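The primary structure of each chain is shown beneath.
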Amino acid sequence: MIYDVAIIGAGPGGSTTAYFLSRAGAKVLLIDSKINIGKPVQCGEFVPLQLRLQFPKFFSEELVVQRVRNMVHFTPWGEISVTPSEGFLLNRDKFDERLVKLAIKEGTEARFGIRFVSFEGKNLILKDRRSGNIHTVRSDIIVGADGARSTVAKLTGEYTKTFLPAAQITLPLKEKLEDLLIFFREYIPGGYGWIFPKGNVANVGVGIDPRHGLKISQVLKKFKEEVIAEGFVEDSILKRTGGFIPAEGMKKPLRGNVLLVGDAGGFCHPITGAGIANAVQTGVMASSAILENSLQSYEEECREIFGEFLGRAVLKRVKYMGHWENLKFTVPRTWITFKEYREEV
Ligand SMILES: Cc1cc2nc3c(=O)[nH]c(=O)nc-3n(C[C@H](O)[C@H](O)[C@H](O)COP(=O)(O)OP(=O)(O)OC[C@H]3O[C@@H](n4cnc5c(N)ncnc54)[C@H](O)[C@@H]3O)c2cc1C
């Protein structure tokens, strides 16, 4: 079987690419090593409102759990600042599932429980996780949408090597919240803690800079104790998850006939960890470039839209976040809502 495009990874990046390509009539194969798409959820599940306005079809009502209006920042020096941050908390597993269904409806051939192993030219080597069988498919173009630790990116030679470990638990909320809560603390070095409300529960997590050599589980435990003591959440863990956030910014997103989208190309923000919107956006851009038969324009557009924005955040991370002594100096220079972030390089 010969495909126009084979897409590895059915997260938001891969499924968006598949959807737009299939809608235009391309012959698309979408594979994922997961048997159940979207599960387990490894995400805080916050999405900016803008994404829903841009792609209303991607967000059916049952995906959206609640709206949020602001981001409230709690600093260790006692200042609490509020920044408008309209968006919503979604059921991420259902979102990933919906995007796949939309792509299939447009004609994408989707296969799950299939792990991408490697490629040679236009031949992809795939392994069926259930049977263990190896088989080969042929595709003119390959899209790596296989997440932070992308195998496709590794095979292209330029890939992310630095990651921020993140860990999250879901706990019942004591009282409903209408905002995202962000905590900067000395014991969360090179990162932050979050409480993202999702109806009666909240996703409570931490991400840290690995240069500090701490165990993420210990940092999360301490954060959990703080937010329980402060009366935000109940002491009853409903779910646990975690993952890795690419921390080097955009990688070269095009090599020959291989394009990288979403986390595979390092498009996640290396300080906030936000990556869903960028995965969708790069999926749209990659599909347009493929349909226009102008792969080079994908790389150019990525550099134009994300290159400087993410590159600047990486520089700040490298310059400031390995030290975590003077938070009153460091936090405003590394967190996007502070004026010092915008003023200083
Ligand atoms: C703890 C945590 C919290 C986060 N919270 C948020 C948040 O609140 N908001 C936000 O915007 N972002 C958040 N992010 C980041 C966000 O989850 C990612 O940026 C986003 O999922 C990237 O989408 P993607 O499609 O590029 O990759 P992914 O969603 O990671 O999808 C990649 C897919 O590829 C598949 N795959 C991997 N390797 C192979 C292979 N060899 N063969 C076949 N399939 C393969 C995987 O199974 C997976 O389904 C968070 C990340 C973490 C770790």
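1. Let's talk about the overall build of the chain
- When helices and strands are tallied, the chain shows 9 helices and 16 strands.
- In terms of overall size, the chain behaves like a compact globule, its C-alpha atoms giving a radius of gyration of 20 Å where 345 residues would be expected to give roughly 20 Å.
- Principal-axis analysis of the C-alpha atoms gives the chain an extent of 60 × 40 × 40 Å.
- Residues counted as buried form 46% of the 345 residues belonging to the chain.
- If you take every contact in the chain between residues at least 6 apart in sequence, the share linking residues at least 24 apart comes to 66%.

2. Here's the deal with the nonpolar core
- Core analysis: the biggest nonpolar cluster contains 92 residues, and Val5, Ile7, Val28, Leu30 and Val143 have the highest contact counts within it.
- It is helix 6 (residues 276–291) that provides the largest number of residues to this core, a total of 7 residues.
- Discounting residues that sit within four places of it in the chain, Leu30 has contacts with Ile7, Ala10, Gly14, Ser15, Ala18, Ala103, Thr108 and Ala110.

3. What about the pairing of strand 7 (residues 114–120)?
- Two elements, strand 7 and strand 8 (residues 123–128), share 6 bridges in a ladder whose sense is antiparallel. Bridge pairing in strand 8 places Phe116 opposite Leu126.

4. Focus: the packing of helix 1 (residues 12–23) against helix 6
- Axis separation between helix 1 and helix 6 bottoms out at 7 Å; the angle between their running directions is 35 degrees. The element helix 1 and its partner helix 6 pack so that their crossing is right-handed. Taking contact as the criterion, the partners of Pro12, Gly13, Thr16, Thr17, Phe20 and Leu21 in helix 1 are, on helix 6, Ile276, Ala279, Val280, Thr282, Gly283, Val284, Ala286, Ser287, Ile290 and Leu291.

5. A short note on the site of the ligand
- As a matter of local geometry, the ligand sits amid 38 residues, with Gly9, Gly11, Gly243, Gly262 and Gly275 nearest to it.
- Those elements that place two or more of their residues in the shell around the ligand are helix 1, strand 2 (28–32), strand 7, strand 10 (163–172), strand 14 (239–246) and helix 6.
- Considered class by class, the residues forming the shell around the ligand number 16 nonpolar, 16 polar and 6 charged.

6. Some points on the sheet that holds strand 13 (residues 201–207)
- Strand order in the open sheet formed by 8 strands is 3-5-4-11-12-13-10-14, with mixed pairing between adjacent strands. Two strands bound the open sheet, and with one partner strand each, they are strand 3 (46–48) and strand 14. Here the average twist between neighbouring strands, direction ignored, is 30 degrees.
- Together, strand 10, strand 12 (192–198), strand 13 and strand 14 form the strand contacts of helix 5 (residues 216–229), whose direction differs from that of strand 13 by roughly 135 degrees.

7. What to know about the environment of Glu178
- Among the structural elements, Glu178 can be located in the loop between strand 10 and strand 11 (180–183).
- In this structure, the C-alpha to C-alpha distance between Glu178 and Ala26, residues 152 residues apart in sequence, is 42 Å.
- Glu178 has contacts with Val68 and Arg69, leaving out every residue within four places of it along the chain.

8. What to know about helix 6
- The end-to-end C-alpha distance of helix 6 is 23 Å, a good match for the 22 Å that 16 residues give at a rise of 1.5 Å each.
- Burial runs high along helix 6: 12 of the 16 residues are buried.
- Phi turns positive, to about 55 degrees, at Asn293, one or two residues after helix 6.

9. Section: the environment of Ser139
- By the element assignment, Ser139 lies in strand 9 (residues 134–144).
- For the pair Ser139 and Glu97, spaced 42 residues apart in sequence, the C-alpha separation works out to 24 Å.

10. Some details on the pairing of strand 9
- Judged from the 6 bridges that link them, strand 1 (residues 2–8) and strand 9 form a sheet pairing that is parallel. Paired with Ile8 across the strands is Gly144, a residue of strand 9.
- In terms of strand pairing, strand 8 meets strand 9 through 5 bridges, oriented antiparallel. What sits directly across from Leu124, in strand 9, is Val137.
- In this structure, the hairpin formed by strand 8 and strand 9 is closed by a connection of 5 residues, where Gly132 is found at a positive phi of approximately 80 degrees.
- One ladder, built from 3 bridges, connects strand 9 with strand 16 (residues 258–260); its direction is parallel. If you follow Ile142 over to strand 16, its bridge partner there is Val258.

11. Quick look at the packing of helix 7 (residues 295–320) against helix 8 (residues 327–334)
- Running from amino to carboxyl end, helix 7 crosses helix 8 at an angle of 165 degrees, the nearest separation of the two axes being 10 Å. On the basis of the axis angle, helix 7 is roughly antiparallel to helix 8. In this structure, helix 7 crosses over helix 8, and the sense of that crossing is left-handed. On the side of helix 7, the interface is formed by Lys316, Arg317 and Tyr320, while helix 8 contributes Thr330, Arg333 and Thr334.

What counts, and where the lines are drawn
Residues numbered from 1 in each chain as written. Predicted model: local features only at pLDDT ≥ 70, side-chain atom pairs only at ≥ 80, totals over all residues. Helix = DSSP H or I, 4+ residues; strand = E, 2+ residues; numbered from the N terminus. Rg over C-alpha atoms; globule rule 2.2 N^0.38 Å. Buried ≥ 20, exposed ≤ 12 C-beta atoms within 10 Å, placed from the backbone. Contact = placed C-beta atoms within 7 Å. Core = buried A, V, L, I, M, F, W, Y, C linked by C-beta atoms within 7 Å. Pairing = 2+ DSSP bridges. Axes fitted to C-alpha atoms, helices over the stretch in contact; angles between N-to-C directions. Left-handed = near helix turned anticlockwise from the far one by under 90°. Near = placed C-beta within 6 Å. Nonpolar A, V, L, I, M, F, W, Y, C, P; charged D, E, K, R; others polar. Expected span 1.5 Å × (residues − 1). Parallel < 35°, antiparallel > 145°, perpendicular 65-115°, else oblique.

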